[in-house]
Amino acid sequence: QVQLVESGGDLVQSGGSLILSCTNLGRQFGLYDVAWYRQVPGKERELVGKITSEGLTEYRDSVKDRFTISRGTTVNTVYLQMMNLKPEDGGMYYCNLGIHWGPGTQVSVSA
């Protein structure tokens with residue numbers, strides 16, 4: 001019923017921008033909250049931010065004013081817009097919906 005897939009990860013220079021997409025191939029997101037996480041080798045997966053079905057968002061302090069989560073005009077897609085990227089923003093980014101996770105998309109930021 002739920003199958004998540006992320007896309008948009010790439011290698012960018014410091015200060016660059018990326019837009020990640022999370023698509024639910026199995027169904028519409030509906031009323032569920034959608035969250036973005038990221039993880040680097042040797043560290044725990046950390047919450048980047050989340051968005052409710054009403055469009056309310058929350059972000060970890062280190063990405064506030066640089067990252068924006070939004071729901072697309074299509075009901076099965078959520079975006080993570082990342083601006084002014086820093087090397088420490090690099091990592092595997094995952095989309096989360098309840099107990100479901102996508103396979104991740106890699107983001108790398110060079111100095």
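Residues numbered from 1 in each chain as written. Predicted model: local features only at pLDDT ≥ 70, side-chain atom pairs only at ≥ 80, totals over all residues. Heavy atoms only, no water.

Enquirer: So what exactly am I meant to see when it comes to the sheet that holds strand β3 (residues 18-24) here?
Expert: Across a sheet, paired strands are connected by hydrogen bonds in the backbone, their directions being either parallel or antiparallel. Strand order in this open sheet of four strands is β1-β3-β8-β7, and the pairing throughout is antiparallel. Every other strand in the sheet has two partners, leaving β1 (4-7) and β7 (67-71) as the edge strands with one partner each. Within this sheet the neighbouring strands show an average axis-to-axis angle of 15°, counted without direction. As paired strands, β3 and strand β8 (residues 77-82) are joined by six bridges and run antiparallel to one another. The residue bridging I19 from the neighbouring strand is Q81, located in β8. (Pairing = 2+ DSSP bridges. Helix = DSSP H or I, 4+ residues; strand = E, 2+ residues; numbered from the N terminus. Axes fitted to C-alpha atoms, helices over the stretch in contact; angles between N-to-C directions.)

Enquirer: Looking at this model, I keep getting lost on the pairing of strand β5 (residues 46-51). Mind explaining?
Expert: Within a regular strand, the side chains alternate between the two sheet faces. As paired elements, strand β4 (residues 34-39) and β5 share five bridges and run antiparallel to each other. Pairing of Y37 across the sheet is with L47, part of β5. Connecting β4 to the antiparallel partner β5 that follows it, the hairpin turn spans six residues, and G42 within it adopts a positive phi of roughly 85°. By the bridge criterion, three bridges tie β5 to strand β6 (residues 57-59) in an arrangement that is antiparallel. Bridge pairing links G49 to Y59 in β6. Taking the residues between adjacent antiparallel strands as the criterion, β5 and β6 are bridged by five residues, where G55 takes a positive phi near 95°.

Enquirer: Sorry if this is basic, but what is going on with the packing of aromatic side chains here?
Expert: Any aromatic ring pair is given by two values, namely how distant the centres are and how the planes are angled relative to each other. Scanning all chains against the criterion turns up two aromatic pairs. Look at Y94 and W101: their rings are 6.5 Å apart centre to centre, the planes differ by 85°, and that puts the pair in the edge-to-face class. One aromatic cluster in this structure is built from Y37, Y94 and W101. In this arrangement the basic side chain of R45 is found over the ring face of Y94, its NZ or CZ atom lying 3.8 Å from the centre. (Phe/Tyr/Trp six-rings, centres within 6.5 Å; stacked < 30°, edge-to-face > 60°. Lys NZ or Arg CZ within 6 Å of the ring centre and 35° of its normal.)

Enquirer: What is the right way to read the pattern of salt bridges from this model?
Expert: When charged atoms on two side chains of opposite charge get close, those side chains can pair. Following the criterion strictly, the structure yields five salt bridges and no others. The closest approach of N and O atoms between K50 and E58, which form a salt bridge, is 3.8 Å. Exposure remark for K50: the relative accessible area of 29% places this residue in the partly exposed category. A salt bridge links R66 to D89; its shortest N-O distance comes to 2.8 Å. (Salt bridge = Lys/Arg side-chain N within 4 Å of Asp/Glu carboxyl O. Buried < 20%, exposed > 50% of the residue type's maximum accessible area, 1.4 Å probe, protein only.)

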